[in-house]
Amino acid sequence: MLRIHELTVSFGEKRVLDSFSLTLPGEGITALAGPSGCGKTTLLRTLAGLERPAGGTFTLPGEAVLLFQEDRLFPWRRTGEQIADVLPRARRQEVGKFLSLVELEGEEDRPIQILSGGMRRRLALARALACEGGVYLLDEPFTGVDKERAGRILERIRALGKPVLLSSHEEGVLALADRVVHLEGPPLRLREL
């Protein structure tokens with residue numbers, strides 16, 4: 001179970017989360033849908049422990065792994081090395097598995113500078129999925145990825161059996177989620193449908 005109770009986060013005078021509460025099942029894929037700037041990224045960053053709330057509490061079904069909105073790849077590391085760097089030594093042979101999960105098989109030795117934007121986004125996603133955690137927090141994981149490929153990858157992520165909380169503006173991604181939470185803000189709040 002993922003529980004958020006009266007979470008409050010401010011940046012100076014701007015209150016992005018104001019006593020925000022939400023309870024979600026600790027399984028499946030939940031999509032956060034809402035306009036840019038409403039507070040989705042701040043919520044994910046707070047759940048990952050990168051922003052300190054002024055008030056409120058949250059409980060996650062295990063340790064969080066965050067995929068940032070930016071790819072944050074290491075420019076000096078090749079494609080496969082990006083994933084090997086986050087795997088324990090005993091699991092380094094799994095690099096190909098994670099590349100295959102995001103449809104980058106056979107790209108292990110390519111410098112990331114020659115990958116397209118969508119390929120880099122998929123690589124960043126593969127690196128996040130290779131990290132061991134109890135819940136995946138994915139901020140716009142399919143930016144620059146075509147709808148059909150995003151759908152196939154999302155089905156593979158579902159098969160991993162870990163709870164996923166992702167933000168997305170893409171209707172095709174939202175349609176494949178187990179549940180969609182419609183939001184507006186700031187401050188972040190549930191949108192009445």
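Residues numbered from 1 in each chain as written. Predicted model: local features only at pLDDT ≥ 70, side-chain atom pairs only at ≥ 80, totals over all residues. Heavy atoms only, no water.

As recorded by an unreviewed UniProt entry, the protein carries the name ATP-binding cassette domain-containing protein and is attributed to Pseudoflavonifractor gallinarum.

It is worth spelling out unusual backbone geometry at this point. For the bond from Gly185 to Pro186, the omega torsion is 0°, close enough to zero to count as cis. One can find Pro186 in the loop between β8 (179–184) and β9 (189–190). One non-glycine residue, Ser19, lies in the positive phi region at around 55°. Inspection of the secondary structure assignment puts Ser19 in strand β2 (residues 14–24). A positive phi angle, close to 50°, is found at Glu140, a residue other than glycine. Considering the arrangement of structural elements, one finds Glu140 in the loop between β6 (135–139) and α5 (147–159). (Helix = DSSP H or I, 4+ residues; strand = E, 2+ residues; numbered from the N terminus.)

With that out of the way, let us pick up the side chain of Thr30. Looking at where Thr30 falls in the secondary structure, it is placed in strand β3 (residues 29–33). Residues contacting Thr30, with those up to four places away along its chain left out, are Leu24, Val164, Leu165, Leu166, Arg179 and Val181. (Contact = heavy atoms within 4.5 Å.)

Our focus in this paragraph is empty space enclosed by the protein. All chains considered together, the criterion is met by one cavity of 30 Å³ or more. By volume, the largest cavity amounts to about 60 Å³. If you trace the largest cavity, you find it lined by Leu2, Leu24, Pro25, Glu27, Gly28, Thr30, Pro61, Val135, Pro163, Val164, Leu165 and Arg179. By residue class, the composition of the lining of the largest cavity is eight nonpolar, two polar and two charged. (1 Å grid on protein atoms, 1.4 Å probe; cavity = no way out; pocket = protein on both sides within 12 Å on 5 of 7 lines; lining within 4 Å. Points joined across faces, edges and corners; volume = space filled by probe spheres on them. Nonpolar A, V, L, I, M, F, W, Y, C, P; charged D, E, K, R; others polar.)

The final tally for this structure, using the stated rule, is one aromatic pair. Here Arg72 stacks its cationic end above the ring of Phe68, 3.8 Å away from the centre of that ring. Geometry around Phe74 places Arg127 over its ring, the cationic atom sitting 5.3 Å from the centre. (Phe/Tyr/Trp six-rings, centres within 6.5 Å; stacked < 30°, edge-to-face > 60°. Lys NZ or Arg CZ within 6 Å of the ring centre and 35° of its normal.)

Attention shifts here to α5. Over its 13 residues, α5 runs 19 Å from end to end, which matches the ideal 18 Å to within 8%, given 1.5 Å per residue. Those residues of α5 that sit buried are Ala150, Gly151, Ile153, Leu154 and Ile157. Against the buried residues of α5 lie β3, α3 (95–101), α4 (117–130), β7 (164–167) and α6 (171–176). Directly beyond the C-terminal end of α5, a positive phi value near 80° is found at Gly161. (Expected span 1.5 Å × (residues − 1). Buried < 20%, exposed > 50% of the residue type's maximum accessible area, 1.4 Å probe, protein only.)

We now examine the pattern of salt bridges. Where charged atoms from two side chains of opposite charge approach closely, those side chains can pair. Scanning the entire structure with this criterion turns up 17 salt bridges. A salt bridge links Asp18 to Arg15; the shortest N-O distance between them is 3.3 Å. (Salt bridge = Lys/Arg side-chain N within 4 Å of Asp/Glu carboxyl O.)

Another point: the sheet that holds β8. Within the open sheet, the six strands sit side by side as β5-β6-β7-β3-β8-β9. Their pairing is mixed. The open sheet is flanked by β5 (64–67) and β9, the only strands paired with a single partner. In this sheet, β9 lies alongside β8 in antiparallel orientation, the contact comprising two bridges. From the neighbouring strand, Glu184 faces β9, where its bridge partner is Arg189. Sheet strands in contact with α4 are β5 and β6, and its direction is about 170° off that of β5. (Pairing = 2+ DSSP bridges. Axes fitted to C-alpha atoms, helices over the stretch in contact; angles between N-to-C directions.)

A few words on the UniProt feature "domain: ABC transporter" (unreviewed entry) in the protein. In the numbering used here, UniProt assigns the "domain: ABC transporter" (unreviewed entry) feature to residues 2–193. Each end of residues 2–193 is marked by a C-alpha atom, and these two atoms are 22 Å apart; helix forms 28% of the span and strand 27%. (UniProt positions renumbered as here; feature names shortened; annotations may be inferred.)

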